Amino acid sequence: MKNSIFVVVSIIVTSWVSLAKAEPFKDVPEKYRVCTVCHGAQLRGNEVTKAPTLATLPAWYIENQLIGFRNEWRGKHPEDYPGSEMYPVAESLSEKEISKVSKFIEALPKSNKHTQIVKGDSAKGKELYATCAACHGADAQGNEVLSAPPLLVQGDWYIKQQLLNFKNGLRGKVSDDARGATMAAAITSLNSDSDIDDIVAYLSTL
Amino acid sequence: MASIGGSTAVLNTAHALGLVDSPAPGKPLTIKPASGKQKKIVILGGGIAGLCTAYELERVGYDCTILEASHRIGGRNLTLRHGDFIDELGRPNYCNFDEDPNLYFNTGPARIPGHHRRLLGYCKTLGVPLHVRANESRLAYCHDTNAFGGKPIRIGQVISDTRGFLSELVQKGVKADAFDQELSKDDQERLMAFSKFFGDLKDNGVYEGTTRAGSKTERMLDHSTPTDTLNFKEMLKSNTWWSAVFASEHYDWAAPVMEPIGGMDRIVAGFARNIKSPIYLQSQVQSIEVLDDGVTVTYLNKGKIKTIKSDYCFNNIPAYFMSGIENNLSKPYTDALASMERGHLFKVAFQMKKRFWEEEGIYGGISYTNQNISQLWYPSHDIHTEKGIMLGAYGWDTDRALPLEAMELDERLKYAASQGDKIHKNYSSYIEAGASVMWARMNHMMGCSAGLPEGREDEVLSRLYKPEGRHFMIGDQVSRHSGWQEAALASAHNAMNQFSHMVTEKNA
């Protein structure tokens, strides 16, 4: 009797999916290990701790953001808890350390772990993205000259969160934050939160 | 069959579907001695559950290895003393208490009630002496900025008056025939007698104060005179008096509670003394790959990626980190892990240059306030010595925690000190050192205690109470009682019972 149960059960069992498909891991200097606590192994992100993917983001963007945190452009809005978690860490870094860690992050292997979480109308998102493309590029690869980051590195949950932050005044509202202000102005072209979902859904198709 | 899933995977799925009997959670720990070749165990995380697992499995013949991400073992069982490193993200600092073995502070678990049998059992077995910690003092204070003009009231007064006023209401109810449906006349008479005693009422059933709350006159040489009663309506304005009166009614806080002499981390040291398994510190897990015949774990140590292959894995890592650790666990299992929420428990401690509370008749126990600091704890140990460490703030809800988390270290201490000043005169002037531990900001922990998603508790726990393949999730997070060491041990015992059962079935 027991054996017959096993026969039934075994049909629906599949072998463990190997991790071999993942990009290989790179050594991480001890001083940067602290980043991986929230941002995950190889800085590939953790949506549960609300820590974005960093691996392969260009050094200039990481640098801008760390300096942005240090200047209190990010992480000081009372409703931005994940930002407030990053603030003291960025604040504790020197300019030299910021420059070094940014280069390290840029050179990490690419993450391929993202799954689509945000649901939206990607066709409508494609139309809406035309405005974004002016700075972020039609291929969403970003543009250093315009300080516009690549958008395909991130998990969709993070892009959505940041667009909401810009829309709701949690980011891009501190004076002196010219780059943030540019994005905060651009976001006013969107009428609703569902527009944001649509854009994020479109990005997932790229 | 085995070629499809491997025998363990088959067996495990059978367990998951409830088709094979597996040990029920809460059963006493029984592990069969190791037999066969599959003896290698990797334990991820050196918290209480991880240490307990190593201790028990190596005793029955398994080869265990513990990988711990931080610079120390013990997890949230952290006792601070002079010079200890407080690894807060972005604000790393060192404890500045005086160098004195009596000046310590338990930043995580701090009390052990008598019914935590597993933990008390280990204390006994591991040679960890305990003493009683007063968890209640009737001479400590209840303080509410919205009641009694913000004046702190002795808890004994609050308890006595609460009983007095409620008893008087009971007497009025009986006289108004309010209980005629529920109670016979004889029962009502007995209730009158009991309530008179319970509230210390006058013969006419009126409460006019009691010497149980104290006396306005010298009690040894003179007649006691009851202290003035509080205003009942004023009491009802405050929520704080509930916690002051009823804290000890909580099963886990009921007096007496115990604490290890010298600090809660004596338990960690007790395990460490009795464990032979290697413990690798600063070894942070990067990936977990569960296979048909074992578990492969990669970790980061001194900048290098290293790999360890084992037969079975017990995972004590905070569940919310698992989304950042590459793994091949199933989606339902990782969804359950990802649903765990980070808790925001925090404590602030002060070294006081003088044990001023003892001059107010307070020897241990807790004062309660509606301010953000919530509680003040007085040490029960080393009474009448010069200095003492007291708890200056304690909370676990986000409303209390978030403002403090955002503050710089000095700012936090000043904030807690200024609120303590509302309870004790010159409180701030006694402070000569201080430390804060905000668990949601502590490196490698980032939370205390783990929260189950509302409405999904059963689903998440039923998933995690069982292993997935050769991977067992452990820790107080995998329980109905997170934040307690007893829960960590219960979870570890449950996992080991499942493990022993799995291995026995496999070898059968």
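Please read all numbers here as calculations on a predicted model, not as lab measurements.

Student: What am I meant to see in the overall build of chain A here?
Tutor: Assigned secondary structure in chain A consists of 9 helices and 0 strands. Each helix (α) and strand (β) of chain A, taken in turn from the N terminus, gives the series α-α-α-α-α-α-α-α-α. Its C-alpha atoms give chain A principal-axis dimensions of roughly 75 × 45 × 30 Å. Taken over 206 residues, chain A has a buried fraction of 48%. For chain A, the share of sequence-separated contacts (at least 6 apart) that also reach a separation of at least 24 residues comes to 65%. Approximately 10,200 Å² of chain A is accessible, and the part contributed by carbon and sulfur atoms is 56%. Across chain A, the mean location of the 23 positive side-chain charges is 5 Å away from that of the 24 negative side-chain charges.

Student: Which parts of the structure should I look at to understand the sheet that holds strand β7 (residues 112-113) of chain B?
Tutor: Strands pair in a sheet through their backbones, by hydrogen bonds, and they do so in one of two ways: parallel or antiparallel. Residue and element names in this part refer to chain B. Pairing within the open sheet is antiparallel, and its 3 strands lie in the order β7-β11-β8. Looking at strand neighbours, the two that pair on one side only are β7 and β8 (130-133), the edges of this open sheet. Pairing of β7 with strand β11 (residues 257-260) involves 2 bridges; the strand directions are antiparallel. Counted as the bridge partner of P113 is V257 from β11.

Student: Honestly, the sheet that holds strand β15 (residues 304-310) of chain B in this entry has me stumped. Any pointers?
Tutor: Residue and element names in this part refer to chain B. The strand order across the open sheet built from 4 strands is β15-β14-β13-β17, with neighbouring strands paired in mixed fashion. Two strands bound the open sheet, and with one partner strand each, they are β15 and β17 (326-327). Where strand β13 (residues 283-291) lies against β17, 2 bridges are found, and the strand directions are parallel. Looking at β17, one finds that I288 is bridged to N327.

Student: How should the UniProt feature "domain: Cytochrome c" (unreviewed entry) in chain A be read in this particular structure?
Tutor: With numbering aligned to this structure, UniProt lists the feature "domain: Cytochrome c" (unreviewed entry) at residues 17-109 and 120-206 of chain A. Overall, residues 120-206 of chain A shows 56% helix and 0% strand. The separation of its end C-alpha atoms is 14 Å.

Student: Whenever I open this one, empty space enclosed by the protein confuses me. Can you help?
Tutor: If you roll a probe as big as a water molecule over the atoms, it shows you where there is empty space left. Residue and element names in this part refer to chain B. Following the criterion strictly, the structure yields 5 cavities of 30 Å³ or more and no others. For the largest cavity, the calculated volume is near 150 Å³. Around the largest cavity sit 14 residues that line it, and F105, N106, R133, W377 and I389 are the ones nearest its centre. Of all the secondary structure elements, the ones that give two or more residues to the lining of the largest cavity are β6 (105-106) and β21 (388-395). Here the lining of the largest cavity takes 3 residues from β21, the largest share from any one element. Its residues assigned to classes, the lining of the largest cavity shows 9 nonpolar, 2 polar and 3 charged. The calculated volume of the second largest cavity comes to roughly 50 Å³.

Student: Honestly, the UniProt feature "domain: Amine oxidase" (unreviewed entry) in chain B in this entry has me stumped. Any pointers?
Tutor: Under the present numbering, the feature "domain: Amine oxidase" (unreviewed entry) in UniProt falls on residues 48-495 of chain B. Strand forms 21% of residues 48-495 of chain B and helix 28%; the C-alpha atoms that close the span are 14 Å apart.

Student: Mind showing me how you'd approach the confidence of the model for chain A here?
Tutor: Per-residue pLDDT for chain A has a mean of 90; in total, 91% of the residues score no lower than 70. Within the model, the stretch residues 1-13 of chain A combines pLDDT values under 50 with 22 contacts to residues more than four positions away or in other chains.

Student: Whenever I open this one, the environment of G90 of chain B confuses me. Can you help?
Tutor: Residue placement: G90 of chain B occurs in the loop between β4 (85-86) and β5 (93-94). When the C-alpha positions of G90 of chain B and A450 of chain B are compared, they lie 22 Å apart, and in sequence the two are 360 residues distant. Sequence-distant contacts of G90 of chain B, that is, excluding residues within four places in its chain, are made with P88, V89 and S92 of chain A.

Student: I'm lost on the domain arrangement of chain B in this one. Help?
Tutor: Often the size quoted for an interface is simply the accessible area lost on bringing the parts together. All names here are of chain B. Here chain B is described as being made up of domain 1 (38-74 + 267-339 + 453-507), domain 2 (79-139 + 255-264 + 343-441) and domain 3 (156-237). Placing a centre on the C-alpha atoms of domain 1 and another on those of domain 2 gives a separation of 30 Å. In this assembly, 16 residues from domain 1 lie in contact with 19 residues from domain 2. Both faces considered, domain 1 and domain 2 share a buried interface measuring about 1,600 Å² in area, 63% of it formed by carbon and sulfur atoms. Three residues, I267, Q485 and E486, lead the burial of domain 1 against domain 2; their summed loss comes to 41% of the area buried on that side. Applying the counting rule to domain 1 against domain 2 returns 1 salt bridge. Of the charged contacts, one joins R118 and E486 as a salt bridge, the two residues approaching to 3.2 Å between their closest N and O atoms. Counting every contact that joins domain 1 to domain 2 gives 8 residue pairs in polar contact (both at pLDDT 80 or more). Sorting the residues of the side of domain 1 that touches domain 2 by element identifies α3 (48-59), α9 (266-273) and α14 (485-507) as the ones contributing at least two each. For the side of domain 1 that touches domain 2, the residue count by class is 8 nonpolar, 5 polar and 3 charged.

Student: Explanation requested: the packing of helix α3 (residues 59-70) of chain A against helix α4 (residues 81-91) of chain A in the structure shown.
Tutor: Helices that pack against each other are described as a pair by the angle of their axes relative to one another and the distance between those axes. Residues and elements named next belong to chain A. Interaxial distance between α3 and α4 falls to 8 Å at its minimum, and their mutual angle equals 95°. One finds that α3 runs roughly perpendicular with respect to α4. Residues L66, F69 and R70 of α3 pack against G83, M86, Y87, A90 and E91 of α4. Per-class residue counts for the contact of α3 with α4 are 5 nonpolar, 1 polar and 2 charged.

Student: I keep staring at unusual backbone geometry and nothing clicks. Help me out?
Tutor: For the peptide bond that leads from A255 of chain B to P256 of chain B, omega is -5°, which places it in the cis range. Relative to the helices and strands, P256 of chain B is located in the loop between α8 (240-246) and β11. The amide bond that connects C448 of chain B to the next residue, S449 of chain B, takes the cis arrangement and shows omega of -10°. If you trace the backbone, S449 of chain B turns up in the loop between β22 (431-438) and α13 (457-464). Positive phi values are uncommon outside glycine, yet A140 of chain A reaches one of about 60°. Position of A140 of chain A relative to the elements: it lies in the loop between α6 (122-136) and α7 (156-167). At M446 of chain B, a position not held by glycine, the phi torsion is positive, near 55°. Structurally, the position occupied by M446 of chain B is in the loop between β22 and α13. M446 of chain B gets classed as buried once you look at its relative accessible area, which sits at 0%.

Student: Is there a simple way to explain the packing of aromatic side chains in this structure?
Tutor: Centre distance and the angle of the planes are the two values used to describe a pair of aromatic rings. All names here are of chain B. Scanning the model with the defined rule gives 25 aromatic pairs over all chains in all. A centroid spacing of 5.1 Å and a plane angle of 65° characterise the contact between Y62 and F499, whose relative ring orientation is edge-to-face. You can see Y62 sitting in the loop between α3 and β2 (63-67) and its partner F499 sitting in helix α14, a full 437 residues away along the chain. Ring geometry for W377 and Y394: centres 5.5 Å apart, planes at 85°, overall edge-to-face. Pair noted here: W377 is in strand β20 (residues 375-377) and Y394 is in strand β21, with a separation of 17 residues, a long-range link.

Student: Looking at this structure, how should I read the pairing of strand β1 (residues 40-44) of chain B?
Tutor: One face of the sheet, then the other: side chains in a regular strand alternate in exactly this way. Residues and elements named next belong to chain B. Of all 5 residues in β1, 4 are buried, a share of seventy percent or more. In terms of strand pairing, β1 meets β2 through 5 bridges, oriented parallel. Paired with K40 across the two strands is D63, which belongs to β2. Handedness of the crossover joining β1 and β2 through α3 is recorded here as right-handed. By the bridge criterion, 4 bridges tie β1 to strand β16 (residues 312-315) in an arrangement that is parallel. Counterpart to L44 in the pairing with β16 is N315.

What counts, and where the lines are drawn
- Residues numbered from 1 in each chain as written.
- Chains lettered and ligands numbered in written order.
- Predicted model: local features only at pLDDT ≥ 70, side-chain atom pairs only at ≥ 80, totals over all residues.
- Heavy atoms only, no water.
- Helix = DSSP H or I, 4+ residues; strand = E, 2+ residues; numbered from the N terminus.
- Buried < 20%, exposed > 50% of the residue type's maximum accessible area, 1.4 Å probe, protein only.
- Contact = heavy atoms within 4.5 Å.
- Areas by Shrake-Rupley, 256 points an atom, 1.4 Å probe, with all protein chains shown as cover.
- Lys, Arg positive; Asp, Glu negative; His and termini not counted.
- Charge placed at Lys NZ, Arg CZ, Asp CG, Glu CD.
- Pairing = 2+ DSSP bridges.
- UniProt positions renumbered as here; feature names shortened; annotations may be inferred.
- 1 Å grid on protein atoms, 1.4 Å probe; cavity = no way out; pocket = protein on both sides within 12 Å on 5 of 7 lines; lining within 4 Å.
- Points joined across faces, edges and corners; volume = space filled by probe spheres on them.
- Nonpolar A, V, L, I, M, F, W, Y, C, P; charged D, E, K, R; others polar.
- pLDDT = per-residue confidence, 0-100.
- Domains from an automatic or database assignment.
- Buried area = accessible area lost by both parts, 1.4 Å probe.
- Salt bridge = Lys/Arg side-chain N within 4 Å of Asp/Glu carboxyl O.
- Polar contact = N/O pair within 3.5 Å; in protein donor to acceptor, adjacent residues only side chain to side chain.
- Axes fitted to C-alpha atoms, helices over the stretch in contact; angles between N-to-C directions.
- Parallel < 35°, antiparallel > 145°, perpendicular 65-115°, else oblique.
- Phe/Tyr/Trp six-rings, centres within 6.5 Å; stacked < 30°, edge-to-face > 60°.
- Right-handed = clockwise from strand over helix to strand, strands pointing away.

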